[in-house]
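Each chain, written out:
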Amino acid sequence: MGRKEREKEQLIRTLNNHLNNIHETLQVLNQTAASSLEKVSWSDVIQMGEQVSKKATVVGMLWTGETPEAKAIEENMAEYFNMLQGFVLLSHGSTVGAGPTLSLSIHTSVKQVVDSSFKLMMESITLYGSNNKDKEHLMPQYVGAVWEACSALKKTPATNITAIGRAMTQVAVSMKDVLREMKELKPSSSDQSNEASHDDSAKADIEHQEDDNSSLDELGNDLSSEEMKVAQLAIGILSNMLIVIKELIRTITGLLKHENPDDGGKFVDTLERLLKLCQGIGVQIDELGASLYPPQELSVIKAASVKILSMTDELQKEEESFNSSSEAFVQACNGLRSSLKQMDSEVDCFNATDLEAKLQNVAISN
């Protein structure tokens with residue numbers, strides 16, 4: 001084994017030791033820092049991240065000229081991981097008073113910095129002793145990945161309210177996707193069926209080739225008048241639900257000064273419960289949207305409506321605990337309840353009509 005190979009093996013062992021130490025430190029981040037500790041400002045974490053990105057630049061510059069000595073790589077690695085470990089510990093201090101949502105956001109951002117750093121160092125060692133000079137041109141990409149991860153720290157929420165507000169916004173974005181799909185539902189057209197009966201044989205081959213695509217395009221285009229009425233009511237429910245979430249986000253973002261680490265976490269717990277309820281309603285909205293395609297699953301639609309109504313009541317109850325309930329939020333909840341009751345009434349009517357039709361068919365067949 002040559003000198004280069006021995007040095008490379010030593011570098012790999014050193015890197016593995018650093019990685020193990022960082023992984024152990026990362027385990028600390030899996031638990032929120034004790035409330036008795038002094039909270040670290042997220043701006044301090046951002047500044048530390050800027051130092052990490054500068055250190056990553058130094059690592060990359062080692063490969064801009066002649067191949068660096070193994071000792072220089074090892075020393076550079078030690079300095080980099082010492083700084084990275086300090087960054088992780090500082091990040092942990094920022095989780096004092098953080099709820100699960102904020103803690104997850106912090107952990108995700110920190111892990112991106114750590115992961116990109118691992119890849120940078122691994123690539124640096126891979127290059128040592130390699131005859132492939134082209135790989136050296138890849139170093140700026142790995143350095144850039146660390147820059148991006150450190151820069152992303154500026155977009156990481158620094159408070160529970162911001163973190164939960166963003167999570168609620170994501171729920172609303174998903175709901176808007178469902179709403180868009182709902183609005184694409186169309187009634188069956190007798191005109192289209194009449195036209196189809198008069199298609200000439202010259203179109204037969206084309207229709208045969210496009211059969212699969214046309215069947216997909218027509219999905220949701222053949223609702224009966226009764227089914228369309230249910231779909232329109234579902235659109236009303238979802239539109240009102242989006243207003244509820246918008247007003248809820250507006251309410252909690254106005255409570256930034258109320259976020260107090262000394263209240264035993266009660267305020268944050270309430271925020272987390274509100275988020276869970278919004279996410280639960282989001283699941284039911286998905287169920288509702290999927291059940292609108294013919295043949296509509298009325299039992300699923302009714303069950304989803306009942307659950308949304310129940311969670312809306314809980315949502316309002318939790319919001320009222322802030323002692324500064326928004327009138328706009330209350331009105332939005334009432335509007336949602338009204339649309340849910342309309343859906344409930346329509347589904348019951350639809351079921352009764354369907355049952356009556358079935359009984360008539362039985363009587364005629366007898």
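The structure under discussion appears in the preceding block.
Remember, predicted model here, so these are calculated numbers, not experimental data.

Trainee: Quick question: what am I supposed to make of the packing of helix α1 (residues 3-29) against helix α3 (residues 70-93) here?
Mentor: Two packed helices can be described by the angle between their axes and the distance between those axes. In contact at an axis separation of 10 Å, α1 and α3 are set at 5° when each is read in the N-to-C sense. The orientation of α1 with respect to α3, classified from their angle, is roughly parallel. Looking at the contact of α1 with α3, its residues break down into 15 nonpolar, eight polar and two charged.

Trainee: Can you help me understand the pattern of salt bridges in this one?
Mentor: Counted according to the given criterion, the structure contains ten salt bridges. Linking K302 and D344 is a salt bridge whose minimum nitrogen-to-oxygen distance equals 2.3 Å. Taken together, the positions of K302 in helix α12 (residues 298-320) and D344 in helix α13 (residues 327-365) put the pair 42 residues apart, joining distant regions of the chain. Assessed through its relative accessible area of 29%, D344 is described here as partly exposed. Between D313 and R337 there is a salt bridge whose closest N-O contact spans 2.9 Å. Of this pair, D313 sits in helix α12 while R337 sits in helix α13, and the two are 24 residues apart along the sequence. The exposure class assigned to R337 is buried, which follows from its relative accessible area of 15%. Overlapping salt bridges bring together K302, D344 and D348 as one network.

Trainee: I tried to follow unusual backbone geometry on my own but got confused; where do I start?
Mentor: Leaving glycine aside, a negative phi is the common case for residues, and trans is the common case for peptide bonds. The linkage connecting P294 with the following residue, P295, adopts the cis geometry, with an omega of -5°. As for its position among the elements, P295 is in the loop between α11 (266-290) and α12.

Trainee: Would you mind showing me how to read the packing of helix α10 (residues 225-253) against α11 here?
Mentor: With their axes 12 Å apart at the nearest point, α10 and α11 run at an angle of 165° to one another. Of the possible angle classes, the one that applies to α10 and α11 is roughly antiparallel. As α10 runs across α11, the sense of the crossing is left-handed. Across from A234, I237, L238, M241, I245, L248 and I252 in α10, the residues of α11 making contact are L271, L274, C278, I281, I285 and L288.

Trainee: Where do I start with the packing of aromatic side chains in this structure?
Mentor: Two aromatic rings, taken as a pair, are described by how far apart their centres are and by the angle between their planes. Throughout the structure, instances matching the rule amount to three aromatic pairs. Ring plane angle 35° and centroid distance 6.2 Å describe the contact between F81 and F118, whose orientation is recorded as tilted. On the criterion of sequence distance, the pair formed by F81 in helix α3 and F118 in helix α4 (residues 100-127) is long-range, its members being 37 residues apart. Considered together, F81 and F118 belong to a single accessibility category, that of buried residues. Ring centres of F267 and F322 lie 5.5 Å apart, and the angle between their planes is 55°; on these two criteria the pair is classed as tilted. Here F322 lies in the loop between α12 and α13 and F267 lies in helix α11, a separation of 55 residues in the sequence.

What counts and how
Residues numbered from 1 in each chain as written. Predicted model: local features only at pLDDT ≥ 70, side-chain atom pairs only at ≥ 80, totals over all residues. Heavy atoms only, no water. Axes fitted to C-alpha atoms, helices over the stretch in contact; angles between N-to-C directions. Helix = DSSP H or I, 4+ residues; strand = E, 2+ residues; numbered from the N terminus. Parallel < 35°, antiparallel > 145°, perpendicular 65-115°, else oblique. Nonpolar A, V, L, I, M, F, W, Y, C, P; charged D, E, K, R; others polar. Salt bridge = Lys/Arg side-chain N within 4 Å of Asp/Glu carboxyl O. Buried < 20%, exposed > 50% of the residue type's maximum accessible area, 1.4 Å probe, protein only. Left-handed = near helix turned anticlockwise from the far one by under 90°. Contact = heavy atoms within 4.5 Å. Phe/Tyr/Trp six-rings, centres within 6.5 Å; stacked < 30°, edge-to-face > 60°.

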